[in-house]
Amino acid sequence: MATFSTRFLGCKVSFADAQAIRERLLRDGHVEVGEAGEIQVVNTCCVTHEAVSKSRQAASRASRSARTVYVTGCASNLEGAFADAPENVVVSGRTGDEAAAFVAGDVGAIGCVDATHRLDRVRAFVRIQDGCSFSCGFCVIPLVRGATRSRTAVAVLGEIRRRVAQGHREVVLTGVNLGCFRDREAGYTLARLVREAGATPGLERLRLSSIEVNHVTDDLVGVLTGTPTVSPHLHVPLQSGDDRVLRAMGRRYTAAQFERRLAPLRDLNLTTDVIVGFPAEDETAFGRTLALVERLGMTKVHVFPYSPRPGTRTADDDAVPVDVKRERGRRLRALSDALSRRRWAARVGSTDRVLVDRPGRGYADDYTPWLVDAEVGALVTARAVGVADEGVVAVAA
Ligand code: SF4
């Protein structure tokens, strides 16, 4: 038996990777401890230069207290990213279930099975596919996670039932490019999977982590708006609101197509990702991004200052000065904050269910943050009474 700890950097896919490793080690009879296990797993991210450098720092910090550190996830596949890591750092070069199998195999099992161990999060992230077969010019993800491949619908639906039985109130379907999910043999599209997942007995709330606009089909829109357990929230990466920049990025839509596809979902809480300072982005192009985000009323914008990634088509391009990127990022975040507050203010006087995931705070059905006093893990009905910087102020109804 070994003591272990896991941590992740980056997105929900990285969280799901870390979760798979953690569960595998628990199942094998190892004991989870706070930060400083004999075995420490760092599931890494490489979406930006900064993410890689934070991943490197996390591995090196862990190496000071661990017997062995396993570096897994996206950045572990990036050539040379951990070349100067300390001797007790093992770079797995694997993601997802392969990473879990590698770490578990290397640590060794003691055969004491604890399959019922409940994760301490109130929501569970269930991976439905991995990899991406698109080729956006700036993105390193297809290089480190490979082409798209889906889990079977049976496996996904079974895992959701298991998560609900473990006590999770909310399930988030995750993947690198969720809309690529297909189970051809069993006849499942994403829309069918979401419909059936949403009907899981005992499940309170189902969300999609993120979806490309090309995959927002009429079928999916029907399921998103017609399944009571499905959260009225959608995260759709925009990246830019300018057609010339979108073309240079290798994205597969125009700004007008993006807007048209989301038109039937205007009542949902829409959130997005935007890259600022892409080489082809001038002030006019950035202005179009601001205008589109505003027209769509997107509440939360995750702003990524462009940083060239090795091995991508735009690896040698970084034309926009750092201070300009910083300034555009600041303007976009200010707009995002204003749009959030507008949506929050419109909720005052209404009630919603809030899943409390940390002291004094949780998320309503539409994934807006609500500040309410209730036990962590509780799903409470609350009434909105005001707005603060961090979200809707509410009291238990
Ligand atoms: S859709 Fe584009 S940005 Fe998203 S993972 Fe695939 S290549 Fe990267």
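The numbering scheme is per chain: residues are counted from 1 as the chain's sequence reads. Reporting of local features is limited, given that this is a predicted model, to residues whose pLDDT is at least 70; pairs of side-chain atoms are given and counted only at 80 or more, and all residues count toward the totals for whole chains, interfaces and linings. Calculated side-chain values reflect all of the structure's heavy atoms, with hydrogen atoms and water omitted.

S.K.: Pulling in residues and values, what's your account of the overall build of the protein?
M.R.: The secondary structure content of the protein amounts to 11 helices and 18 strands. Across its three principal axes, the protein shows a C-alpha extent of roughly 55 × 55 × 45 Å. Of the contacts formed within the protein by residues at least 6 apart in sequence, a portion of 71% connects residues at least 24 apart. Taken as a whole, the protein presents about 17000 Å² of accessible surface, with 50% of it coming from carbon and sulfur. Here the protein contributes 54 positive and 48 negative side-chain charges, whose respective centroids are spaced 2 Å apart. Under the DSSP-based scheme used, a helix requires at least four consecutive residues in state H or I and a strand at least two consecutive residues in state E, with every element numbered from the N terminus. By definition in these notes, contact holds between two residues if any of their heavy atoms fall within 4.5 Å. Accessibility throughout is a Shrake-Rupley quantity obtained with a 1.4 Å probe, and a residue counts as covered only by protein chains that appear here. Charged-residue counts in this description rest on Lys and Arg as positive and Asp and Glu as negative, His and the chain ends being excluded. We put the charge of a Lys on NZ, of an Arg on CZ, of an Asp on CG and of a Glu on CD.

S.K.: Give me the site of the ligand: which residues, what numbers.
M.R.: What makes a residue near a molecule or strand is one non-hydrogen atom of that residue sitting within 4 Å of it. In the vicinity of the ligand, the contacting residues are Cys 132, Phe 134, Cys 136, Phe 138, Cys 139, Ile 141, Pro 142, Val 176, Asn 177, Glu 212 and Arg 251. We call Asp, Glu, Lys and Arg charged. Ala, Val, Leu, Ile, Met, Phe, Trp, Tyr, Cys and Pro are nonpolar, and the rest, Gly among them, are polar. Here the residues of the shell around the ligand sort into eight nonpolar, one polar and two charged.

S.K.: Can you break down empty space enclosed by the protein residue by residue, with the values?
M.R.: A water-sized probe, rolled over the atoms, reveals where empty space remains. The definitions used throughout rest on a 1 Å grid laid over the protein atoms alone, on which a cavity is an enclosed set of points accommodating a 1.4 Å probe that cannot get out and a pocket is an open set flanked by protein within 12 Å on both sides along at least five of seven lines; lining residues are those having an atom within 4 Å of a point. Grid points are joined across faces, edges and corners, and a volume is the space filled by probe spheres set on the points. Following the criterion strictly, the structure yields one cavity of 30 Å³ or more and no others. Taken as a whole, the largest cavity encloses approximately 30 Å³ of empty space. Along the walls of the largest cavity sit Phe 134, Cys 136, Glu 212, Asn 214, Gly 250, Arg 251, Arg 252 and Tyr 253, which together make up its complete lining. Class assignment of the residues belonging to the lining of the largest cavity gives a composition of three nonpolar, two polar and three charged.

S.K.: Account for a nonpolar patch on the surface, with residues named and values stated.
M.R.: A contiguous nonpolar patch, built from Met 1, Val 31 and Val 33 and spanning about 240 Å² of accessible area, is present on the exposed surface. Looking at the element boundaries, Met 1 is found in the segment before strand 1 (3-8). For patch detection, residues must exceed 30% relative accessible area and be free of salt bridges, and they are connected within 9 Å for like charges or within 5 Å for nonpolar side chains (Val, Leu, Ile, Met, Phe, Trp, Tyr). Just to be clear on terms, a salt bridge is a Lys or Arg side-chain nitrogen sitting within 4 Å of an Asp or Glu carboxyl oxygen.

S.K.: An account of the environment of Ser 53 is requested, with residue identities and associated values reported.
M.R.: The residue Ser 53 is located in helix 2 (residues 49-63) in this model. Summary of the burial criterion: residues with accessible area below 20% of their type's maximum are buried, those above 50% are exposed, and those between are partly exposed, where the area comes from a 1.4 Å probe applied to protein chains only. On the accessibility criterion, Ser 53 (22% relative accessible area) is partly exposed.

S.K.: Just give me the short version of the environment of Asp 352, but keep the residues and values in it.
M.R.: You can see Asp 352 is positioned in strand 14 (residues 351-358). Taking the relative accessible area as the measure of exposure, Asp 352 reaches 11% and is therefore buried. Considering only alpha carbons, one finds Asp 352 and Ala 374, 22 residues apart in sequence, at a separation of 14 Å. The residues contacting Asp 352, other than those within four sequence positions of it, are Arg 347, Ala 364, Asp 365, Asp 366, Trp 370, Val 380, Thr 381 and Ala 382. Each polar contact in these results corresponds to two N or O atoms within 3.5 Å; when the atoms are within protein, one needs to be able to donate a hydrogen and the other to accept it, and residues that are neighboring in sequence are counted only if both atoms are side-chain atoms. Among the polar contacts made by the side chain of Asp 352, one reaches the side chain of Arg 347 at a distance of 3.0 Å.

S.K.: Lay out the pattern of salt bridges in plain terms, naming residues and giving numbers.
M.R.: Scanning the model with the defined rule gives 36 salt bridges in all. Between Glu 170 and Arg 123 there is a salt bridge, with its nearest N and O atoms 2.7 Å apart. You can see Glu 170 sitting in strand 9 (residues 170-174) and its partner Arg 123 sitting in strand 6 (residues 123-127), a full 47 residues away along the chain. The exposure class assigned to Arg 123 is buried, which follows from its relative accessible area of 8%. In this structure, Arg 288 and Asp 242 form a salt bridge, with 2.6 Å as the shortest nitrogen-oxygen distance.

S.K.: Tell me about the pairing of strand 18 (residues 391-396), residues and numbers included.
M.R.: Here, strands pair whenever DSSP counts at least two bridges between them. Where strand 16 (residues 369-371) lies against strand 18, two bridges are found, and the strand directions are parallel. Looking at the pairing, Leu 371 lines up with Val 393 of strand 18. Bridge count for strand 17 (residues 379-388) against strand 18 is six bridges, and the pairing is antiparallel. Within strand 18, the position partnered with Ala 388 by the bridge is Gly 391. In this antiparallel pair of consecutive strands, strand 17 and strand 18, the connection spans two residues.

S.K.: Describe the nonpolar core, naming the residues involved and giving the relevant values.
M.R.: The biggest cluster of nonpolar side chains holds 52 residues, and the ones touching the most others in it are Leu 173, Val 194, Leu 234, Phe 258, Leu 262 and Leu 332. Core analysis: the next-biggest nonpolar cluster, separate from the first, contains 21 residues, Ala 58, Leu 78, Phe 82 and Ile 141 among them. Here the nonpolar core consists of buried residues drawn from Ala, Val, Leu, Ile, Met, Phe, Trp, Tyr and Cys, with membership extended through side-chain atoms lying within 4.5 Å.

S.K.: Which residues make up the sheet that holds strand 6, and what are the values?
M.R.: Read across the sheet, three strands follow the order 6-9-10 without closing on themselves; strand pairing throughout is parallel. Single-partner strands in this sheet number two, and they are strand 6 and strand 10 (205-208). Ignoring which end each strand starts from, the neighbouring axes of this sheet average 25° apart. Taken together, the four bridges between strand 9 and strand 10 define a ladder with parallel strand orientation. For Val 171, the partnering residue across the bridge sits in strand 10 and is Leu 206. Fitting a line to C-alpha atoms yields each axis, with helices limited to the stretch in contact; the angle taken between N-to-C directions then spans 0 to 180 degrees.

S.K.: An account of the side chain of Ser 340 is requested, with residue identities and associated values reported.
M.R.: Following the sequence through the fold, Ser 340 ends up in helix 11 (residues 322-347). Take Ser 340: its relative accessible area is 8%, and that puts it in the buried class.

S.K.: Account for helix 2, with residues named and values stated.
M.R.: The length a helix should cover is 1.5 Å for every residue beyond the first. If you check helix 2, its first and last C-alpha atoms are 21 Å apart, about what 15 residues at 1.5 Å a residue would give, namely 21 Å. Turning to helix 2, its buried residues number three or more, namely Ala 51, Val 52, Ser 55, Ala 58, Ala 59, Ala 62 and Ser 63. Looking down the long axis of helix 2, one finds its buried residues gathered within 135° of arc, a one-sided arrangement. The inward-facing, buried residues of helix 2 contact strand 1, strand 3 (39-44), strand 4 (68-73) and strand 5 (89-91). Relevant arc is that of directions from the helix axis to the C-beta atoms, nothing else.

S.K.: Run through unusual backbone geometry, naming residues and quoting values.
M.R.: Residue Gln 239 is not a glycine yet carries a positive backbone phi of 70°. Gln 239 gets classed as buried once you look at its relative accessible area, which sits at 9%. In this structure, Tyr 367 takes a positive phi of about 65° despite not being glycine. Along the chain, Tyr 367 turns up in the loop between strand 15 (361-364) and strand 16.

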